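# Coordinate inspection notes
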Amino acid sequence: MELELILPAQHHREQVEDYKRKFIAELSTISGVGIHGAGSLSDMSFDEWLTECEDHQAGRNLPEGFVPATQFIAIRKSDNKVVGTFAIRHSLTPHLERIGGHIGYSVAPDERRKGYATQMLQLGIDECKKLGIHQIRITCLKDNIASAGVIKKFNAIHDGDAEFDGKVLDRYWIV
């Protein structure tokens, strides 16, 4: 694999901030959603985000309705560039099972259509298994054909739709 999922650390600051800037520029042209698979990165400083990542992985300072989660960044091995973010929720509430899932991820706008989402999802499935998660819930916006295509590569079982915040989500299980 060309990528690896690693825990973010202080020495990733510049790259993560660059990643965030690219997304903020893109998000300004679409309806304001955050950076999928990046926790609250779009809303806070790098230091605050890093603390949040560490806290959430340990199950500390979780907002109501949140569950412990591990935050990764996807690094391209050839040049150590951050090309994506990937988060795994360790468990699901009924609400998260309906509209969220175990996995959230995104690929940098300038790194899309290179197969990175597929690599990230494979690595993420491997990480889920290490955490004892063998039935993985994953969702995507119904109109996100690229994401649905990636999910379907893993023999995901479509489990209907759900509506959230006026948007329709496709729901899948990867087993």
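For the structure given in this document, a descriptive report is provided here. Since this is a predicted model, take the numbers as computed values, not measurements.

### With respect to the pattern of salt bridges
A complete count under the given rule lists 16 salt bridges for this structure. Among the ionic pairs, aspartate 159 bridges to arginine 171, the shortest N-O distance being 3.4 Å. With aspartate 159 in strand 6 (residues 157–164) and arginine 171 in strand 7 (residues 167–174), the pair connects residues that are twelve residues apart, well separated along the chain. A relative accessible area of 30% means that aspartate 159 is categorised as partly exposed. Residue arginine 171 is classed as buried on the basis of its relative accessible area, which comes to 13%.

### Quick notes on helix 2 (residues 46–58)
Taking 1.5 Å per residue as the helical rise, helix 2 with its 13 residues ought to reach 18 Å, and the 18 Å between its terminal C-alpha atoms agrees with that figure. Phi turns positive, to about 80 degrees, at glycine 59, one or two residues after helix 2.

### A few points about the side chain of histidine 12
Tracing the backbone shows histidine 12 in the loop between strand 1 (3–6) and helix 1 (13–27). Histidine 12 gets classed as buried once you look at its relative accessible area, which sits at 7%. For histidine 12, the residues in contact, after removing those within four places along its chain, are Ile6, Leu7, Phe46, Ile73 and Ile75.

### Observations regarding the nonpolar core
If you look at the biggest cluster of nonpolar residues, it comprises 28 residues, and the most contacted ones within it are Phe86, Ile103, Tyr105, Leu121, Ile138, Ile151 and Ile174. Those elements giving two or more residues to this core turn out to be strand 1, strand 2 (69–76), strand 3 (81–89), strand 4 (103–107), helix 4 (116–130), strand 5 (136–141), helix 5 (145–152) and strand 7. In terms of residue count, the dominant contributor to this core is helix 4 (seven residues). Those residues in contact with isoleucine 138 that sit more than four places away from it in its chain are Ile103, Tyr105, Leu121, Ile151, Asp170, Arg171, Tyr172 and Ile174. Among the nonpolar cores identified, the runner-up in size contains 15 residues, and Phe46, Leu50, Cys53 and Ala108 belong to it.

Conventions adopted
- Residues numbered from 1 in each chain as written.
- Predicted model: local features only at pLDDT ≥ 70, side-chain atom pairs only at ≥ 80, totals over all residues.
- Heavy atoms only, no water.
- Salt bridge = Lys/Arg side-chain N within 4 Å of Asp/Glu carboxyl O.
- Helix = DSSP H or I, 4+ residues; strand = E, 2+ residues; numbered from the N terminus.
- Buried < 20%, exposed > 50% of the residue type's maximum accessible area, 1.4 Å probe, protein only.
- Expected span 1.5 Å × (residues − 1).
- Contact = heavy atoms within 4.5 Å.
- Core = buried A, V, L, I, M, F, W, Y, C linked by side-chain atoms within 4.5 Å.

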